[in-house]
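# Coordinate analysis (summary)
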Amino acid sequence: MSNTTSTGRTKIQDARDAASLFTQLIQSGSGNRLGLVSFSTSASSPVDFALSDVNAASKNTLVGGSPFTGGLIGGLTPGGSTSIGDGLSKAVGQLPADPTNVRSILLFTDGLQNTAPFIADVDASLSGIVVNAIGLGTEANLDGSLLTILCENHQGLYTRADDGLALKKYFALAFGNIFEAGALLDPEFFLPAGQSSAPPLPFTVCGEETVTVVVVWDRADSTLIFDVRTPLGTPISAGSPGTESALGETWSFLRIPLPIDGERDGIWKVEVAHARGTGEFPPPLVDTRYFVNVVVSGGPILQRTRRSRPTYTGDLINPLISVTYPIGGFPDSVEVSLEVTHPNVSVGNVLSQNRLGAAGSDDGDAVPARQATLTQLEATTGAPVVQYITERFALSDRADDGGTGMFEGGSVFGLPMADLFKVEGNYTFHATATYGIGCTTTRELFWTLHASIGDRKSTRLNSSHITI
């Protein structure tokens, strides 16, 4: 966690920022509860922060005041080995059985488990709890297969972040998936130092109840500001009546209840700009990478069918996606597209071309020979050992298109893919659903699957509708 990422900051700094954003996004007084468990060689005991109602006092304890870099989360430091199982066990202890409320764990890790208890030791205790996981790093320091199966078995999503900016993006998306109806859009951009503002980013509201616009950037020596324009052009910014907002070190958000001043449906716009410093000699502006995430409540939810077994190279899969309202039914005129970002080379092939080195350590954390060798290769070349390629697909809701296998169109979309998992590694899926007549908007969903090496003859099944 002390290693530097592409943002120029350490992993722990980016992780603290991501957790701070997640904490601030949860609405105070909403009936939700939040706790914190940190772990290394063992989990914190007692836990860092026992499960408590989300309110101003609990948020202050966790992250302090603006820019929300203090509190318990701001005081987390790296070190020791990794017992993911103990972290999960302590979290389960904070979630007593409660049939009336959804229980959820958001797991973050940047390393390989190497100290008991392990995930397998505590997996049975996770029954009835939704587990989402976010991993930060590459094949050199993450067990993608293990995290994939953990989330698949417990109704959650695993996402892999390759840098600190993506990490904060996935924490924001996790908030949307756990507490809201999900994300409406989440594009990434680049704002040069010499350009004061970005072109307006449009998005469409079609009956949603709240809109939360999140802007996150990569550098602590940069600050971005933004406002939101209603369909009639009225500007809404931090401090506008009825809204909620917060500004962190590398993030900002604005929550807007709908309707606001009588406006709801239509094309809204987000306008992002560099914040210029004050004083006679303000600091210079810098090139800044950022993303805009629009999280909504109300309206349909985009979900996927999970598979309950490991994923292997050579598997045939059908990523079934549903677009449904929580109370039942589905929107009109739905179309679903899918982007899959996958490795261009097998880690096994990389290792076969290079001599396997000795096991190593990182901040006292034991690293097996395989991952230590990959880490050394990345340090030598200055780049990840695996590069990624993105492919795009259109999903279908009709059996005669080879889609879902259902007798008539509906709210479930799919596409059997026999040759997607060609090499081992992490495969990140990005589904986008467009729907509506007259008022057309979107929902987006990300997840990651790790494909392990398998025998194509033994793992391919004689069916055109195997699902994940």
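Right above here is the structure, for reference.
Residues numbered from 1 in each chain as written. Predicted model: local features only at pLDDT ≥ 70, side-chain atom pairs only at ≥ 80, totals over all residues. Heavy atoms only, no water.

### Let's talk about unusual backbone geometry
Definition in use: Segments assigned H or I by DSSP are reported as helices when at least four residues long, segments assigned E as strands when at least two residues long, and all are numbered from the N terminus. For the exposure calls, accessible area comes from a 1.4 Å probe over protein chains only, and a residue counts as buried if that area is under 20% of its type's maximum, exposed if over 50%, partly exposed in between.
Omega for the bond connecting Ser-45 with Pro-46 falls within 30 degrees of zero, at 0°, which places this linkage in the cis form. Mapped onto the elements of the fold, Pro-46 is located in the loop between strand E1 (33-36) and strand E2 (49-53). For the bond from Leu-258 to Pro-259, the omega torsion is 0°, close enough to zero to count as cis. Secondary-structure assignment places Pro-259 in the loop between strand E13 (251-257) and strand E14 (266-274). A positive phi angle, close to 65°, is found at Phe-68, a residue other than glycine. Mapped onto the fold, Phe-68 is located in the loop between helix H2 (56-63) and helix H3 (71-74). Given a relative accessible area of 12%, Phe-68 falls into the buried group. Positive phi, normally seen in glycine, also occurs at Ser-333, with a value near 50°. With respect to the helices, strands and loops of the structure, Ser-333 is situated in the loop between strand E18 (321-324) and strand E19 (335-343). What makes Ser-333 partly exposed here is its relative accessible area of 46%.

### Here's the deal with the packing of aromatic side chains
We count it as follows: Any two of the Phe, Tyr and Trp rings considered here, Trp counted by its six-membered ring, make a pair once their centres fall within 6.5 Å; the pair's planes then place it as stacked at under 30 degrees, edge-to-face at over 60, or tilted in between.
In total, this model carries 11 aromatic pairs according to the counting rule given. A centroid spacing of 4.7 Å and a plane angle of 85° characterise the contact between Phe-421 and Tyr-427, whose relative ring orientation is edge-to-face. Comparing Phe-421 with Tyr-427, the two get one shared label, buried. Between Phe-429 and Trp-447 the ring centres are 5.1 Å apart and the planes differ by 0°, which places this aromatic pair in the stacked class. Residue Phe-429 is found in strand E24 (residues 425-435), and its partner Trp-447 is found in strand E25 (residues 441-452); the two are separated by 18 residues along the sequence. For Trp-447, a relative accessible area of 1% translates into the label buried. Here a set of aromatic residues connected by ring pairs shows up, and it is made of Phe-22, Phe-108, Phe-171, Phe-175 and Phe-179.

### Side note on the pairing of strand E15 (residues 288-297)
To keep it simple, the criterion reads: Here a strand pair is declared whenever DSSP counts at least two bridges between the two strands.
Among the 10 residues in E15, nine count as buried, and that is most of the element. Across two bridges, strand E6 (residues 183-185) lies against E15 in antiparallel orientation. Looking at E15, one finds that Ala-183 is bridged to Val-295. Both strand E7 (residues 188-191) and E15 contribute to a ladder of four bridges, which runs antiparallel. Each bridged residue has a counterpart across the sheet, and for Phe-189 the counterpart in E15 is Tyr-290.

### Quick word on helix H4 (residues 84-92)
We apply this condition: Contacts are assigned to residue pairs with any non-hydrogen atoms lying within 4.5 Å of each other.
Here H4 lies mainly inside the structure; seven of its nine residues are buried. Turning to H4, its buried residues are Ile-84, Gly-85, Asp-86, Gly-87, Leu-88, Ala-91 and Val-92. Turning to H4, the residues buried within the fold contact strand E3 (104-109), helix H5 (119-122) and helix H6 (144-153).

### Some words on the packing of helix H1 (residues 11-25) against helix H7 (residues 164-179)
Put simply, the test is: Simply put, an axis is a line fit to the C-alpha atoms, just over the touching stretch for a helix, and the angle between two N-to-C directions goes from 0 to 180 degrees. Geometric relationships in this document are graded by angle, where less than 35 degrees denotes roughly parallel, more than 145 denotes roughly antiparallel, 65 to 115 denotes roughly perpendicular, and other angles denote oblique. The sense of a crossing depends on the near helix, which, turned anticlockwise from the far helix by less than a right angle, makes the crossing left-handed and, turned clockwise, makes it right-handed. When residues are grouped by polarity, Ala, Val, Leu, Ile, Met, Phe, Trp, Tyr, Cys and Pro land in nonpolar, Asp, Glu, Lys and Arg in charged, and all others, Gly among them, in polar.
Viewed as axis vectors pointing N to C, H1 and H7 meet at an angle of 25°, and their least axial separation amounts to 9 Å. Taken together, H1 and H7 sit at an angle that is classed as roughly parallel. Judged by the sense of rotation from one axis to the other, the crossing of H1 with H7 is right-handed. Contact residues: Asp-14, Ala-15, Asp-17, Ala-18, Ala-19, Leu-21, Phe-22 and Leu-25 in H1; Gly-164, Leu-167, Lys-168, Phe-171, Ala-172, Ala-174, Phe-175, Ile-178 and Phe-179 in H7. Taken together, the residues that form the contact of H1 with H7 break down as 13 nonpolar, one polar and three charged.

### Topic: the state of the cysteines
Condition: Disulfide: a pair of cysteine sulfur atoms within 2.5 Å of each other.
All told, the structure shown has one disulfide when counted by the stated rule. Each sulfur of the disulfide joining Cys-206 and Cys-439 lies 2.0 Å from the other. The sign of the S-S torsion, about -95°, decides the handedness of the disulfide formed by Cys-206 and Cys-439: left-handed. Here Cys-206, found in the loop between strand E8 (201-205) and strand E9 (210-217), pairs with Cys-439, found in the loop between E24 and E25; they are 233 residues apart in sequence, far enough to count as distant.

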